[in-house]
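Each chain is listed here by its residues.
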Amino acid sequence: MQIESRGDRIFNIINYTILILVTIIVMYPLVFVLSASFSDPQTVLRGEMLLWPKGVNLNSYVKIFQNKDIISGFTNTLVYTSLGTFINLAMTILAAYPLSRKDFVGRNAIMAMLVFTMFFSGGLIPTYLLIKNLGMLNTLWVMIIPNAVSIWNIIIMRTFFQQSIPGELQEAATIDGCSNIKILTRIILPLSMPIIAVTILFYAVGHWNAFFNALLYLSDKDKFPLQLILREILIQGQTNDMVKMSTESAIKQQREVEGIKYAVLVVANIPVLALYPFLQRYFVKGVMIGAIKG
C-alpha cells in the first residue's frame, strides 16, 4: 500500500475543497429554480425560500400544461430535435469517415475547404435571401437544413476514426471482401459509440436550445419551438395570457407570473437532463480510450 506524502495530502485537500465549492456554485441555481417552481410564489418573492421548497404549490405547472402555445412549442422542439439530430449525425458520419481514410484522394483539399467555412460565412442577409429563394421560409426544414452539419464535429469524429480505430482492422476487412459501407456499418460505427454519443448530445442540446433561426425565419406561432415561446414568456412578459387579469389582484398576478417563469424553465430543461444518464457510460468510456497501451 502506497503511503501518501504530506504534499499529496495537502494537494488532495485543496483539490477536493475547490471541487466541492464549484459543485455547490453550479448546483445551487439548478436546485433553486426547481424548488421555486414547486414553492408558493409569495415565499419566493419575499426571499423566504433559500434552497428547499416552501409551501408546495403546483398551480404553475397546471397553467403551463393548459397553455396551448407551450404544448405546441414543446411538440415542435421534439420534432426539430429528433429529426435534426438524426440528419446531423448521418451527415457528420458520412463526411468524417471518408476524410479519415488515407486512401481517399483529395481529402486534404476537401478538409481545407470545410475548415475555411468555420472562419468565413456569407453573412446574415445573404443567408436569409438564400433560404428565401430555396422556399424554406416558415417551414419545418428551415430549422434543420441550414445547420445540418457542424464542421467542428466532423473534425472531432474524423480524428477519432483515425486515432482510435486501427487502420489494419479496416485493411483486414477489405481483404475479406467488405465494401466501404460494410466497413463503416459493421466495424467503424460499433467501435465508435463514445464519440457518437457525445455528438448526439452536442447536436441535440443545440437543437433544443435553438431560437435564433426561428426568430428570423418562422412567422407562424404554431411552428415556434419551445425556446421562442419561453422567450416571449420570460422576456416580453406574456405570462399575463395565463393569468386571469379581470378577477385577480395585481399582487396575486405578480406571484403567479413569478411561479410560471420558474416552472417553464424546469419544463424546458427536463428532456436534456433526462438524456444525459443514457449517454453517461459512453462519456466515461471515451475518457478511457487510449489510456492503456499494449
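In the annotation of an unreviewed UniProt entry, the entry for the protein chain reads Binding-protein-dependent transport systems inner membrane component, and the organism field reads Paenibacillus vortex V453.

## Here we look at unusual backbone geometry
Positive phi outside glycine occurs at Asn-138, with the angle close to 60 degrees. Mapped onto the fold, Asn-138 is located in the loop between helix H6 (124-133) and helix H7 (151-164).

## Things to note about the UniProt feature "transmembrane region" (unreviewed entry) in the protein chain
Using the residue numbers shown here, the UniProt feature "transmembrane region" (unreviewed entry) corresponds to residues 12-38, 78-97, 109-131, 137-156, 187-206 and 259-279. This span, residues 12-38, is 100% helix and 0% strand, and a straight line between its end C-alpha atoms measures 38 Å. Its end C-alpha atoms 28 Å apart, residues 187-206 is made of 80% helix and 0% strand.

## Comments concerning the packing of helix H4 (residues 68-100) against helix H9 (residues 180-188)
Between H4 and H9, the least distance of the axes is 12 Å, while the angle of their chain directions is 110 degrees. Classified by the angle their axes make, H4 and H9 are roughly perpendicular. Counting all contacts with H4, which are made through Ile-93, Leu-94 and Tyr-97, the residues of H9 involved are Asn-180, Ile-183, Leu-184 and Ile-188. Residue composition of the contact of H4 with H9, grouped by class: six nonpolar, one polar and no charged.

## Notes on the side chain of Ser-37
Structurally, the position occupied by Ser-37 is in helix H1 (residues 6-38). Engagement of the side chain of Ser-37 in a polar contact is seen with the side chain of Tyr-61, the distance being 2.6 Å. Apart from the residues within four sequence positions on either side, Ser-37 is in contact with Asn-57, Tyr-61, Tyr-262, Ala-263 and Val-266.

## Re the pattern of salt bridges
For the structure on display, the rule yields four salt bridges. Of the charged contacts, one joins Asp-69 and Lys-221 as a salt bridge, the two residues approaching to 3.4 Å between their closest N and O atoms. In this pair, Asp-69 sits in helix H4 while Lys-221 sits in the loop between helix H11 (212-217) and helix H12 (226-234), placing the two residues 152 residues apart along the sequence. With a closest N to O distance of 3.2 Å, Asp-220 and Lys-223 form a salt bridge. When its relative accessible area of 25% is taken as the criterion, Lys-223 is described as partly exposed. One continuous salt-bridge network, built from bridges that share partners, spans Lys-68, Asp-69 and Lys-221.

## Details of the packing of aromatic side chains
All told, the structure shown has seven aromatic pairs when counted by the stated rule. Pairing Tyr-28 with Phe-32 gives two aromatic rings, centres 5.9 Å apart and planes at 35 degrees, and the pair type is tilted. Here Tyr-28 and its partner Phe-32 are both found in helix H1, four residues apart, which amounts to about one turn of the helix. Assessed through its relative accessible area of 19%, Phe-32 is described here as buried. Following the ring pairs from residue to residue traces out a cluster consisting of Tyr-28, Phe-32 and Tyr-262.

## Focus: helix H10 (residues 193-209)
Counted at 1.5 Å a residue, the expected span for H10 with its 17 residues is 24 Å, and the 24 Å between its end C-alpha atoms agrees. Restricting attention to buried positions, one finds in H10 the residues Pro-194, Ile-195, Ile-196, Ala-197, Val-198, Thr-199, Leu-201, Tyr-203, Ala-204, His-207 and Trp-208.

## Examining H9
Within H9 the residues assigned to the buried category are Ile-183, Leu-184, Ile-187 and Ile-188. Buried residues of H9 fall within an arc of 115 degrees about the axis and therefore sit on the same side. Of the exposed residues in H9, those oriented more than 90 degrees away from the buried face are Ile-181 and Arg-186.

## Let's talk about the packing of helix H8 (residues 167-175) against H9
Between H8 and H9, the shortest axis-to-axis distance is 11 Å and the interhelical angle comes to 125 degrees. Relative to H9, the element H8 lies oblique. Viewed along their axes, H8 and H9 form a crossing whose handedness is right-handed. Counting all contacts with H8, which are made through Leu-169, Gln-170, Ala-173 and Thr-174, the residues of H9 involved are Ile-183, Ile-187 and Ile-188. Among the residues making up the contact of H8 with H9, the classes are represented as five nonpolar, two polar and no charged.

## Looking at the side chain of Asp-69
There is a polar contact of 3.5 Å between the side chain of Asp-69 and the side chain of Lys-68. When neighbours within four sequence positions are excluded, Asp-69 is seen to be in contact with Lys-221 and Ile-229.

## Considerations on the environment of Asn-76
With respect to the helices and strands, the residue Asn-76 is situated in helix H4. Judged by relative accessible area, which is 15%, Asn-76 ranks as buried. Separated by 148 residues in sequence, Asn-76 and Phe-224 place their C-alpha atoms 6.9 Å apart.

Conventions and cut-offs
- Every chain begins its residue count from 1, and numbering advances along the sequence as written.
- Selection of residues for local features in this predicted model requires a pLDDT of at least 70, selection of side-chain atom pairs for listing and counting requires 80 or more, and totals for whole chains, interfaces and linings are taken over all residues.
- Processing note: side-chain calculations cover all non-hydrogen atoms of the structure and skip hydrogens and water entirely.
- A run of H or I in DSSP becomes a helix once it reaches four residues, and a run of E becomes a strand once it reaches two; helices and strands are each numbered from the N terminus.
- UniProt positions are given in the numbering used here, feature names are shortened, and annotations may be inferred rather than shown by experiment.
- Fitted lines through C-alpha atoms give the axes, limited to the stretch in contact for helices. The angle between two N-to-C directions lies from 0 to 180 degrees.
- We call two directions roughly parallel when the angle between them is under 35 degrees, roughly antiparallel when it is over 145, roughly perpendicular when it lies between 65 and 115, and oblique otherwise.
- Every residue pair with non-hydrogen atoms within 4.5 Å of one another is taken to be in contact.
- Three categories are distinguished: nonpolar for Ala, Val, Leu, Ile, Met, Phe, Trp, Tyr, Cys and Pro, charged for Asp, Glu, Lys and Arg, and polar for the others, with Gly belonging to the last.
- For the purposes of these results, a polar contact is taken to be a pair of N or O atoms within 3.5 Å, where, inside protein, one atom must be able to donate a hydrogen and its partner to accept one; residues adjacent in sequence count only when each atom of the pair is a side-chain atom.
- We count a salt bridge whenever a side-chain nitrogen from Lys or Arg sits within 4 Å of a carboxyl oxygen from Asp or Glu.
- Relative accessibility thresholds used throughout: buried, under 20% of the residue-type maximum; exposed, over 50%; partly exposed, between the two (1.4 Å probe, protein chains only).
- In this scheme Phe, Tyr and Trp rings, the latter by its six-membered ring, pair at centre separations within 6.5 Å, and the angle between planes marks the pair as stacked below 30 degrees, edge-to-face above 60, and tilted otherwise.
- Helix span, as expected, comes to 1.5 Å for every residue beyond the first.
- Arc definition: it is the arc formed by the directions from the helix axis to the C-beta atoms.
- Crossing handedness follows the turn of the near helix against the far one: under a right angle anticlockwise gives a left-handed crossing, and clockwise gives a right-handed one.

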